[in-house]
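A structural walkthrough
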Amino acid sequence: MRVLMLHGINHNMFGKRDPKQYGTITLDEINASLSALGQELGVEVQAYQTNCEGEMCERIHQGYQDGVDAVLINAGAWTHYSYGIRDALAILTCPVVELHMSNIHAREEFRHHSVFGEIVMGQICGFGVDSYLLALRAGVSAAKAAKK
């Protein structure tokens, strides 16, 4: 089973960017935690990060072509306005879980709305790095249920 983890814009700056909201954990540390949990769950986690919206859409298309079993996405600010990424995600036939380290509903008003909300299986936010781990568990569980 393969799970695609998509990290969005500015996530390469985790550990440096706004530690009050995101803590000091780095993207490499997040990916290591996901890989470790993936091994426990018996799944391969493929992580991808980009600051370019078109490249994110291309990676989603590749995930579709590769037949990944689930997709996790923390699109960052793109969550609130990228209809291009939304449309790319809508192509997928596997479970998609949206996640955020911070509680987007307790932040600036523009962050309260997700353009992905109507097409994803669910959303997890506000638990820091645990949001990623919870999303992985949810995505794997949904993918297993879909195969039955």
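Described below are features of the structure shown in this document. (Residues numbered from 1 in each chain as written. Predicted model: local features only at pLDDT ≥ 70, side-chain atom pairs only at ≥ 80, totals over all residues. Heavy atoms only, no water.)

**Let's talk about the overall build of the protein**
Note the cut-off: To qualify as a helix, a DSSP run of H or I must reach at least 4 residues; to qualify as a strand, a run of E must reach at least 2; elements of each kind are numbered from the N terminus. Using C-alpha atoms as the atom set, the radius of gyration is obtained and then compared with a globule rule of 2.2 Å times the number of residues to the power 0.38. Relative accessibility thresholds used throughout: buried, under 20% of the residue-type maximum; exposed, over 50%; partly exposed, between the two (1.4 Å probe, protein chains only). We call two residues in contact whenever any of their non-hydrogen atoms come within 4.5 Å of each other. Surface accessibility follows the Shrake-Rupley procedure with a 1.4 Å probe radius. Residue values consider only the protein chains on display as shielding. The charged-residue count follows a simple rule in which Lys and Arg add positive charge and Asp and Glu add negative charge, with His and chain termini not counted at all. Note that the charge is assigned to NZ on lysines, CZ on arginines, CG on aspartates and CD on glutamates.
Looking only at helices and strands, the protein features five helices and five strands. The C-alpha atoms of the protein give a radius of gyration of 14 Å, which matches the 15 Å a tight globule of 148 residues would have. The principal-axis extent of the C-alpha atoms belonging to the protein is close to 40 × 30 × 25 Å. Classification of the 148 residues of the protein by burial places 47% in the buried group. Taking all contacts inside the protein whose residues are at least 6 apart in sequence as the whole, residues at least 24 apart take part in 78%. Carbon and sulfur atoms make up 49% of the accessible area of the protein, which totals about 7200 Å². Counting 12 positive and 16 negative side-chain charges, the protein places the centres of these two groups 5 Å from one another.

**Comments concerning helix α5 (residues 129–147)**
Inclusion rule: A helix's residues, less one, multiplied by 1.5 Å, set its expected span. The directions from the helix axis to the C-beta atoms are what the arc is built from.
In this model, α5 (19 residues) spans 28 Å end to end at C-alpha, consistent with the 27 Å of a helix rising 1.5 Å per residue. For α5, the complete set of buried residues consists of Ser131, Tyr132, Ala135, Leu136, Gly139, Val140, Ala142 and Ala143. For α5, the buried positions fall inside an angular range of 165° around the axis, keeping them on one side.

**Describing the sheet that holds strand β2 (residues 44–49)**
We apply this condition: Strands are labelled as partners when DSSP assigns at least two bridges between them. Axis definition: a line fitted to C-alpha atoms, limited for helices to the stretch in contact. Angles are taken between N-to-C directions and run from 0 to 180 degrees.
Spatial strand order, β2-β1-β3-β4-β5: five strands in an open sheet with parallel pairing. One side of each edge strand has no neighbouring strand; the edge strands of this open sheet are β2 and β5 (122–125). Pairs of neighbouring strands in the sheet enclose a mean axial angle of 20°, with direction left out of account. Lying on the sheet, helix α3 (residues 53–66) is in contact with β1 (2–7) and β2; it crosses β1 at an angle near 175°. This element, α5, spans β1, β2, β3 (70–74), β4 (96–100) and β5 of the sheet and lies at about 155° to β3.

**A few points about unusual backbone geometry**
Positive phi outside glycine occurs at Asn10, with the angle close to 75°. Here Asn10 lies in the loop between β1 and α1 (19–22).

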